[in-house]
Amino acid sequence: MEKFKFDNKTVVFIIKVCALAGAERQALGLARYLQDKYGCNVHFVATHSNIQTKEFEKFALQCGVKNIHYYGVPSLSIRKGWNYKNLKKTLRAYLYLFKVKSGIKKLQPDVIIPYMNFASKLSALIYKEVGAKYTFWHELCEDDNYYYDILEAKAIKKAPFFCANAEGGFSTFINTYNVDKNKCHVLTQYVSFDRVDFDKNKIKKELKIPENKFIFGMVAHYRAQKHPELLIEAFSEIAEKRNIHILFLGNKNNNEETQLKYKTLISLAQKLGVKDGISFLSGIEVEKVLSVIDVGVLVSEFEGAPTVLMEYMLYGKPIIATNHIGCKLLMGDSNFLIPKRDVNSLKERMIELYDSVDLRNEIGLKHLEDVKKYSIENYCERLTFLFQKYS
C-alpha cells in the first residue's frame, strides 16, 4: 500500500463552534499550511454553530477558509434502556448522523481531522461511510465532555488511533474503554501564528494602562476550568506595595457561561478593591496583549499542552502556570509551575518575577529557544507518520 501523503488531499476539519479558542486556531492554522504546502482542498464543519465571532472570521479569512458547513442542532447520545426518552434520543441521533453523513459525503473527503471529543466521536462513526480513509480521535485534554453512552463506545472501537497533546489525555480511553495503550500517541500542538510585535507604550495608551505599570497577563477564555479569580486574589494581596497591573483576555460572549464568569470576575475585583488595576478584555488581538505583558499566567483546573503557553514563549515571556502534565511538558522542571488553586504560591512567584529583571530575561531567552520545537512542520510530520502507521 502506498504511504500516506497530504499532497492534494481533500481534508475536512470538524470543530465545535466558530470562536477563536486554541483548538479553532490550531485547526485554521493547519488548514492554511496544508493548502499552501501540499495543495490540499479544505472544508470546515462546525457541529454546534457556524455563527462566527469577529476574531474567528478574520483569522479564517487569513487562512483561506471561507465557508463553514453546519448540519443542524447536534444530537449524538444514545443511552441503554428501552423507554420513551431514550427512543426519542436514538431517533434524533440517527437523523443527525444521516444529515451529517449526507453533507460531508458531498465534500468527497480523503481525511477528516476532528478537534476535541464530540467531533472525534462523530468522525469515527462516519468517516468510512463518507469515503474518507483517514481520521483519528483527537483529545485535547481541555475537553472533559465524555458521554459514556452507546455511540461513544461504538465510536471508540471504530477510531483507528488516539491522539492527545499530553499523556494525561488517555486515561478515559484506557481505563474506561480498554483501549490498547499502543494506539495512544502524544501529538503536541504547534505555535499557530507568526510573532507580530506592537509598540508596548502605544498599546498601554490604547488600553488606558499607565506606562510605568508592570503587567501580569492571562490569555484564556472565561470558562469554568480557568481560574483567573486566583490571579485577582493574589494581586489584591500584593498590589499596595508594587506597581502592578493585571490584564485578562478572553471571549466573554462565547456563551452564557462565559458571560457569567466575566461578570463574576469584575464583581470579585470590585469586592477586593482592585478593579481599577485590572483590564478585562475581549475582542482584542492576542498579539497586542502578548506584546504588552511582562509575565504570562495560566492558572486552571485542567489543561492539555496549552497553546497559550507556546504563545507566551514565542514572545519571550516568563510564565507562571498550574502544574498540569501538559504545562510541565512545555515548561520542563520550571520553578514557576505551581500547585492547583494555590494562591500563596502564585503570589510568591509573582513577587519573585516582579523583583528580578535578570530572572525574567533568563527565563524569557530560554522560552524563545524552547518554542522552536513546536513548529507546524514538526506537527505535520508527526501526523503524517501516524497516518502512515495506521494505513
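Here the structure is shown first, and the text comes after it.
Below or above, wherever it landed, is the structure these notes cover. Note that the structure is a prediction, hence the values are computed from the model and not measured. (Residues numbered from 1 in each chain as written. Predicted model: local features only at pLDDT ≥ 70, side-chain atom pairs only at ≥ 80, totals over all residues. Heavy atoms only, no water.)

### Structural notes on the sheet that holds strand 5 (residues 137-139)
Within a sheet, neighbouring strands are paired by backbone hydrogen bonds and run either parallel or antiparallel to one another. We apply this condition: Only strands joined by at least two bridges in the DSSP assignment are considered to pair. Helical segments are the DSSP runs of H or I of at least four residues, strand segments are the runs of E of at least two, and each set is numbered from the N terminus. An axis is simply a line fitted to the C-alpha atoms; with a helix, the fit covers only the stretch in contact. Between two such axes, the angle follows the N-to-C directions and lies from 0 to 180 degrees. Two residues form a contact once any of their heavy atoms are found within 4.5 Å.
Judged by pairing direction, the sheet is parallel, and its 3 strands sit side by side in the order 5-6-7 without closing on themselves. Both outer strands of the open sheet, strand 5 and strand 7 (184-186), are each paired with one neighbouring strand and no more. Between one strand and the next, the sheet's axes are offset by a mean angle of 25 degrees, whatever the strand orientation. Bridge analysis of strand 5 against strand 6 (residues 162-164) gives 3 bridges, and the strand direction is parallel. Counted as the bridge partner of Glu139 is Ala164 from strand 6. Sheet strands in contact with helix 15 (residues 376-389) are strand 5, strand 6 and strand 7, and its direction is about 165 degrees off that of strand 7.

### What about the layout of surface pockets?
Inclusion rule: Here a cavity is any set of points on a 1 Å grid over the protein atoms alone where a 1.4 Å probe fits but cannot get out, and a pocket is any open set with protein on both sides within 12 Å along at least 5 of 7 lines; a residue lines the site when it has an atom within 4 Å of a point. Grid points are joined across faces, edges and corners, and a volume is the space filled by probe spheres set on the points. Each residue is assigned to one of three groups, with Ala, Val, Leu, Ile, Met, Phe, Trp, Tyr, Cys and Pro labelled nonpolar, Asp, Glu, Lys and Arg labelled charged, and all others, Gly among them, labelled polar.
Reported here for the largest pocket is a volume of approximately 840 Å³. Along the wall of the largest pocket there are 38 residues; nearest its centre are Leu20, Arg25, Val219, Val286 and Glu311. Listed by contribution, the elements that provide at least two residues to the lining of the largest pocket are helix 1 (22-38), helix 2 (54-62), helix 10 (286-292) and helix 11 (307-314). By residue number, the principal contributor to the lining of the largest pocket is helix 2, which donates 5 residues. Here the residues of the lining of the largest pocket sort into 15 nonpolar, 10 polar and 13 charged. Estimated volume of the second largest pocket: approximately 450 Å³. Around the second largest pocket, the lining comprises 21 residues; the ones closest to its centre are Lys16, Met116, Arg223, Asn254 and Asn255. When contributions to the lining of the second largest pocket are tallied by element, the ones reaching two or more residues are helix 1 and helix 4 (117-126). Ranked by the residues each element gives to the lining of the second largest pocket, the list is headed by helix 4, at 3 residues. For the lining of the second largest pocket, the class distribution of residues is 9 nonpolar, 6 polar and 6 charged.

### Considerations on the nonpolar core
Heads up, the rule is: In these notes, a set of buried Ala, Val, Leu, Ile, Met, Phe, Trp, Tyr and Cys residues joined through side-chain atoms within 4.5 Å is what counts as a nonpolar core. Only protein chains enter the accessibility calculation, which uses a 1.4 Å probe; a residue is then buried when its area is under 20% of its type maximum, exposed when over 50%, and partly exposed in between.
Residues Phe280, Leu309 and Leu346 are the most contacted members of the largest nonpolar core, which totals 69 residues. Leave out the neighbours within four places in its chain, and Leu309 touches Leu298, Ile319, Ala321, Cys327, Leu330 and Met331. Judged by nonpolar contacts, the second largest core, of 41 residues, contains Leu28, Tyr33, Val42 and Ala60.

### Structural notes on the packing of helix 13 (residues 343-355) against helix 14 (residues 357-370)
Which entries qualify depends on this criterion: In this scheme, roughly parallel covers angles under 35 degrees and roughly antiparallel covers those over 145, while 65 to 115 is roughly perpendicular and the rest are oblique.
Contact pair helix 13 / helix 14: the axes reach a minimum separation of 5 Å and the direction vectors enclose 100 degrees. Here helix 14 runs roughly perpendicular to helix 13, going by the angle between their axes. For the pair helix 13 and helix 14, the contacting residues are Glu352, Leu353, Tyr354 and Asp355 in the first and Val357, Leu359, Arg360 and Ile363 in the second. Looking at side-chain class alone, the contact of helix 13 with helix 14 contains 5 nonpolar, no polar and 3 charged residues.

### Here's the deal with the pattern of salt bridges
Rules: The working definition used for a salt bridge is a side-chain nitrogen of Lys or Arg within 4 Å of a carboxyl oxygen of Asp or Glu.
Going through the model one piece at a time under the given rule, you end up with 16 salt bridges. The closest approach of N and O atoms between Lys58 and Glu285, which form a salt bridge, is 3.8 Å. Taken as a pair, Lys58 in helix 2 and Glu285 in the loop between strand 10 (278-281) and helix 10 lie far apart in primary sequence, 227 residues in all. On the basis of relative accessible area, Lys58 is assigned to the partly exposed category, the value being 46%. Of the charged contacts, one joins Glu303 and Lys226 as a salt bridge, the two residues approaching to 2.5 Å between their closest N and O atoms. Of this pair, Glu303 sits in the loop between strand 11 (295-298) and helix 11 while Lys226 is found in the loop between strand 8 (214-219) and helix 8 (228-238), placing the two residues 77 residues apart along the sequence. Overall, the relative accessible area of 8% leaves Glu303 in the buried class. Several salt bridges converge on common partners, so that one network encompasses Lys58, Glu206, Glu285 and Lys288.

### Overview of unusual backbone geometry
With a phi close to 55 degrees, Asn178 is a non-glycine residue in the positive phi region. Within the secondary structure, Asn178 is located in the loop between helix 6 (171-177) and strand 7. The exposure class assigned to Asn178 is exposed, which follows from its relative accessible area of 66%. Phi angles above zero are rare outside glycine, and Arg341 is one such case at about 55 degrees. Along the chain, Arg341 turns up in the loop between strand 13 (337-338) and helix 13. Note on Arg341: relative accessible area 54%, which makes it exposed.

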